[in-house]
Amino acid sequence: MSNGPVPTISWQSLQPAVWYANKLQCLPGFSFGPRVIDEHQFIFVAAGRGTAFIQGEPYSALPGSLFYYGPDTVHHFIADEAAPFLLYGLHFSWEEHNPSGRSPGIKIRDTAKFDPAQDTTQDNRMLVGSADYPDDSLLFHDVRQVSIDRFEPRFARLSECYSAESRAYTAPLLRGLLLELLAAMKQEELRKSNKQQQPLTPIISAIAAKCDEHARERYDHNWLGQWSSYHPDHMARLFRAQLGTTPYDYFMSRKLQLAKELLAHSEHSLLAIADELQVGSIHNFTKWFKQHTGVPPGQFRKLSRFI
C-alpha cells in the first residue's frame, strides 16, 4: 500500500532507540519467517546470497542489500544452499519509547505466508526529513543497495556495542551510531546522485547564477522568461530536471545561506536582515529560518560566535 501520505519524521525529531543488534552467519538453506515484529528492522547482507520476501514480494538478497520493514510487515528470508548469508540485524524504533533505553524484549510473531488476497498490505515506507525538501530527505522502503565497504563496519560497530557489557552510556552510544548510519546513507545517496548528474547546460547554469545574484530580492517566477527565451514554466521544468530542485527552492536556499552569513558575520539587527533579504516581518523571518535550520536566527547568531 503506497497511495497515502508517507509516514515522516524530521531529522530534528529523530530520537531513535536500538533494541537489538547482531551478526549472524547463516547455515546453508537457513530461513526465518514468515514473521512480523513490533518494531522496525534493518537487515544488511554483508556476504552470501538468498531470497527475501517482503509482504510476498520476492527480492534477490545480495551483498550490499539493505532491507527495511516496520511493525506488522510480513517478511521472510531464505539463505542460499551454496553461498549462505552473513547478515547483520538491527531492531530499532524511530523515537525512543522506553526511558531506560533498553529493549523491553523484542516481540517476534510467526505468521502464515503472506496472502495478498486476504492480508492487508502495510505501507512499508518511512521518510526521514520532509517531503518538501527531497534533497535533504531519506526514503526507506523494502530494499536499497549500499556500499559494503562503507556500511559493514557501521553495522559491525552497532553489533559489538550492543553485545558488550551494558553501561549507562550504552543506549545513547547506540543512538549516536544509528544516527551516523542514517546520515551516511543520505551522504552515499547524494554521492551517487552527483555522479549520475549530467553537466548543466549553459542556460541552466546562467539561471542558477542569476538566482544567486538576485537572492536579496523577492522571488519572481517571470524572471525565468526574462533570463531566457522560453516560457517560465518550461524553464522551471528544465531547471528541476537538471538540478533536482525547483528554481524557487534553489533561490530560497541561496537566500537562507545569505541569512546565515549576515547573522554570523555582521552586526545587523534581525529587522535589518529581514528587510535586506525581503522576507517580511521579524516574525516571518524567524519562522522561516527556524523551519529550515531547526533554530531561530538569534540563537543561530549566538552559536556561530561560540567556540
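Everything below is about the structure printed above this text.
Here the structure is a predicted model, which means the values were calculated and not measured.

(A) Seen up close, the environment of Ser130. With respect to the helices and strands, the residue Ser130 is situated in the loop between strand 11 (126-128) and strand 12 (138-140). The partly exposed category is assigned to Ser130, whose relative accessible area is 24%. On a C-alpha basis, the gap between Ser130 and Val6 in space is 10.0 Å, while along the polypeptide they are 124 residues apart. Other than its neighbours up to four places away in sequence, Ser130 contacts Thr8 and Ser137.

(B) Layout of the pairing of strand 3 (residues 31-37). Here strand 3 lies mainly inside the structure; five of its seven residues are buried. Pairing analysis gives three bridges linking strand 3 to strand 8 (residues 75-79), with the strands arranged antiparallel. Looking across to strand 8, one finds that Ser31 is bridged to Ile78.

(C) Fine view of helix 5 (residues 232-243). Relative to the 16 Å expected for twelve residues at 1.5 Å per residue, helix 5 spans 16 Å between its end C-alpha atoms, a close match to the ideal helical length. For helix 5, the complete set of buried residues consists of Pro232, Met235, Ala236 and Phe239. Looking down the long axis of helix 5, one finds its buried residues gathered within 105 degrees of arc, a one-sided arrangement. Across from the buried face of helix 5, at angles greater than 90 degrees, the exposed residues are Arg237 and Ala241. Where helix 5 is buried, its residues touch helix 3 (202-213), helix 4 (223-226) and helix 6 (247-265).

(D) Quick look at the sheet that holds strand 10 (residues 108-110). Spatial ordering of the open sheet is given by 6-5-8-3-10, a layout of five strands whose pairing is antiparallel. Strand pairing shows two members of the sheet lacking a second neighbour, strand 6 (57-61) and strand 10, which therefore form its edges. Here the average twist between neighbouring strands, direction ignored, is 30 degrees. Where strand 3 meets strand 10, three bridges bridge the pair, whose relative direction is antiparallel. Looking at the pairing, Arg35 lines up with Asp110 of strand 10.

Calculation rules
Residues numbered from 1 in each chain as written. Predicted model: local features only at pLDDT ≥ 70, side-chain atom pairs only at ≥ 80, totals over all residues. Heavy atoms only, no water. Helix = DSSP H or I, 4+ residues; strand = E, 2+ residues; numbered from the N terminus. Buried < 20%, exposed > 50% of the residue type's maximum accessible area, 1.4 Å probe, protein only. Contact = heavy atoms within 4.5 Å. Pairing = 2+ DSSP bridges. Expected span 1.5 Å × (residues − 1). Arc of directions from axis to C-beta. Axes fitted to C-alpha atoms, helices over the stretch in contact; angles between N-to-C directions.

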